[in-house]
Amino acid sequence: SAAFAAFEKLAATDQHNRDPRARPAAADQVRTAAARVQALWPDAPQPWIILGELATYNADGLRFGPGCDNATAETCYRRALDARPGHAPAHARLARLYEVNGRPADAAREWRAAAACDPSNFTYHYRRGRLLQQQGQDTAALACYRAALRFWEGATRTRAALEREI
């Protein structure tokens, strides 16, 4: 529908806007559009994801920098999952949020959930494998890297990590 298309266009524009002087107005427009979409399609996860994304930027336009509203981002991503359980992108965004905030166990759980929802997504397997490898769980990481390779044979970083383990 037109409202949803307008929302997605506005949200995409805002995500790529790094000028802190323009962000407050764009963020307000996105919030207004998200509220309209939520009223029309209460089971749509996209408005919650976009609102979560907005919360991960600080006033200087830096993502995951000081001053970001991580609690709001987490709440929005959870609301996206409430709206559509098993929505892989919401799990992936939660995983990334947990990673940058030093919550590796939560991040690994969310990467696993994202991969379960979208098993052919290279990124979900690779990111979980990388996280597990950083935690010293090499056997589990190797399994994730192998799963990732099934979906993207040209993945050089994954291939290199896999070859180091063999």
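About the cut-offs
- Residues numbered from 1 in each chain as written.
- Predicted model: local features only at pLDDT ≥ 70, side-chain atom pairs only at ≥ 80, totals over all residues.
- Heavy atoms only, no water.
- Phe/Tyr/Trp six-rings, centres within 6.5 Å; stacked < 30°, edge-to-face > 60°.
- Helix = DSSP H or I, 4+ residues; strand = E, 2+ residues; numbered from the N terminus.
- Buried < 20%, exposed > 50% of the residue type's maximum accessible area, 1.4 Å probe, protein only.
- Axes fitted to C-alpha atoms, helices over the stretch in contact; angles between N-to-C directions.
- Parallel < 35°, antiparallel > 145°, perpendicular 65-115°, else oblique.
- Left-handed = near helix turned anticlockwise from the far one by under 90°.
- Contact = heavy atoms within 4.5 Å.
- Nonpolar A, V, L, I, M, F, W, Y, C, P; charged D, E, K, R; others polar.

Participant: Now, about the packing of aromatic side chains: what can you tell me, with residues and values included?
Facilitator: Per the counting criterion, the structure on display carries three aromatic pairs. Relative to Y124, the ring of W111 lies with its centre 6.1 Å away and its plane at 35°, an arrangement referred to as tilted. Residue W111 is found in helix α6 (residues 104–117), and its partner Y124 is found in helix α7 (residues 122–134); the two are separated by 13 residues along the sequence. When its relative accessible area of 3% is taken as the criterion, W111 is described as buried. The interplanar angle of 15° and the centroid separation of 5.6 Å between the aromatic rings of F122 and Y126 together place this pair among those described as stacked.

Participant: Provide a residue-level description of the packing of helix α4 (residues 70–83) against helix α5 (residues 88–100), including the pertinent values.
Facilitator: Between α4 and α5, whose axes approach to 9 Å, the crossing angle comes to 160°. Our classification of the angle between α4 and α5 gives roughly antiparallel. You can see that α4 and α5 cross each other, and the crossing is left-handed. Contacts from N70, A73, E74, Y77, R78, A80 and L81 in α4 reach A90, H91, R93, L94, L97 and Y98 in α5. Per-class residue counts for the contact of α4 with α5 are eight nonpolar, two polar and three charged.

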